[in-house]
Amino acid sequence: GYIMGGAIGGLVLALVLMFKPLWAPFLAPAYALLEGLVIGGISAVYNDAFAKVAPGIVMQAVILTFGTAIAMYLLFTFRIIRVTERFRSIMFAAIAGIALFYFITFILSLFNVNVSGLHNGSMLSIGISIAITAIAALSLLLDFDRIEQGTAMGAPKQMEWYCAFGLLVTLVWLYIEILRLLGNLYGRRD
């Protein structure tokens with residue numbers, strides 16, 4: 001219930017914020033609360049599912065998420081990885097591909113078509129999970145760049161909230177992908 005309610009409410013707020021970024025000071029905190037419900041519910045499911053095989057899987061995902069975010073921030077700050085137009089184009093294509101992949105998988109699940117190789121700990125599922133986690137991590141660079149550009153251009157104060165909202169979306173995505181990757185890795189041990 002928490003997961004579905006938070007996901008639907010979060011999706012509605014995210015769509016509104018995409019078209020009305022100036023509403024971010026009011027809607028971003030509500031989005032954060034709804035995503036907290038989603039993450040809490042998903043974390044509880046993973047914690048219960050992997051209690052015997054991998055106790056502490058949720059804490060591992062949290063630590064890896066923060067560690068990845070810090071590493072990506074340092075890579076961005078020291079310009080080890082530069083956000084260029086080509087990088088943006090590649091990332092846009094990769095994220096669109098992942099979104100399409102998730103959408104097709106969701107539609108297939110509505111017709112009881114199980115894409116079993118995606119969540120069973122197989123080498124295919126682990127490989128896909130690693131690739132999606134890497135794209136989610138690299139997406140943080142786009143968020144950092146947007147924040148930096150907004151500051152340099154003197155964007156309105158409300159845009160700080162919008163950029164924080166974008167960063168939160170990416171961090172939530174990264175956390176869920178890391179949790180899924182850990183689940184696939186630990187599932188392989190069974």
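Details of the structure are given in the entry above.
Predicted model only: the values in this text are computed from it and were never measured.

**Digging into the overall build of the chain**
Line of reasoning, step 1. Of the regular secondary structure elements, the chain holds 6 helices and 0 strands.
Line of reasoning, step 2. Traced from its N-terminal end to its C-terminal end, the chain shows the element sequence α-α-α-α-α-α.
Line of reasoning, step 3. Taking 2.2 N^0.38 as the reference for a compact globule, 190 residues should give roughly 16 Å; the C-alpha atoms of the chain span a radius of gyration of 17 Å, in line with that estimate.
Line of reasoning, step 4. The C-alpha extent of the chain, read off along each of the three principal axes, is 55 × 40 × 30 Å.
Line of reasoning, step 5. Across the 190 residues that make up the chain, the buried fraction comes to 34%.
Line of reasoning, step 6. Relative to all contacts within the chain whose residues are 6 or more apart in sequence, the contacts with residues 24 or more apart total 82%.
Line of reasoning, step 7. Accessible surface for the chain amounts to roughly 11300 Å². Of this, 73% is attributable to carbon and sulfur atoms.

**Some words on the nonpolar core**
Line of reasoning, step 1. Core analysis: the largest hydrophobic core is formed by 32 residues, its most contacted members being Ile57, Leu141 and Leu179.
Line of reasoning, step 2. For Leu179, the residues in contact, after removing those within four places along its chain, are Ile42, Ser43, Tyr46, Ile57, Val58 and Ala61.
Line of reasoning, step 3. Counting residues in each nonpolar core, the second largest holds 9 residues, with Leu13, Leu27, Tyr162 and Phe165 among its members.

**Some details on unusual backbone geometry**
A negative phi angle is the norm for most residues apart from glycine, just as the trans form is the norm for most peptide bonds.
Line of reasoning, step 1. With a phi close to 60 degrees, Arg79 is a non-glycine residue in the positive phi region.
Line of reasoning, step 2. Relative to the helices and strands, Arg79 resides in the loop between α3 (57-77) and α4 (85-110).
Line of reasoning, step 3. You can call Arg79 partly exposed: its relative accessible area is 30%.
Line of reasoning, step 4. The backbone phi angle of Asn112 is positive, close to 55 degrees, even though this residue is not glycine.
Line of reasoning, step 5. Residue position: Asn112 is located in the loop between α4 and α5 (123-152).

What counts and what doesn't
Residues numbered from 1 in each chain as written. Predicted model: local features only at pLDDT ≥ 70, side-chain atom pairs only at ≥ 80, totals over all residues. Heavy atoms only, no water. Helix = DSSP H or I, 4+ residues; strand = E, 2+ residues; numbered from the N terminus. Rg over C-alpha atoms; globule rule 2.2 N^0.38 Å. Buried < 20%, exposed > 50% of the residue type's maximum accessible area, 1.4 Å probe, protein only. Contact = heavy atoms within 4.5 Å. Areas by Shrake-Rupley, 256 points an atom, 1.4 Å probe, with all protein chains shown as cover. Core = buried A, V, L, I, M, F, W, Y, C linked by side-chain atoms within 4.5 Å.

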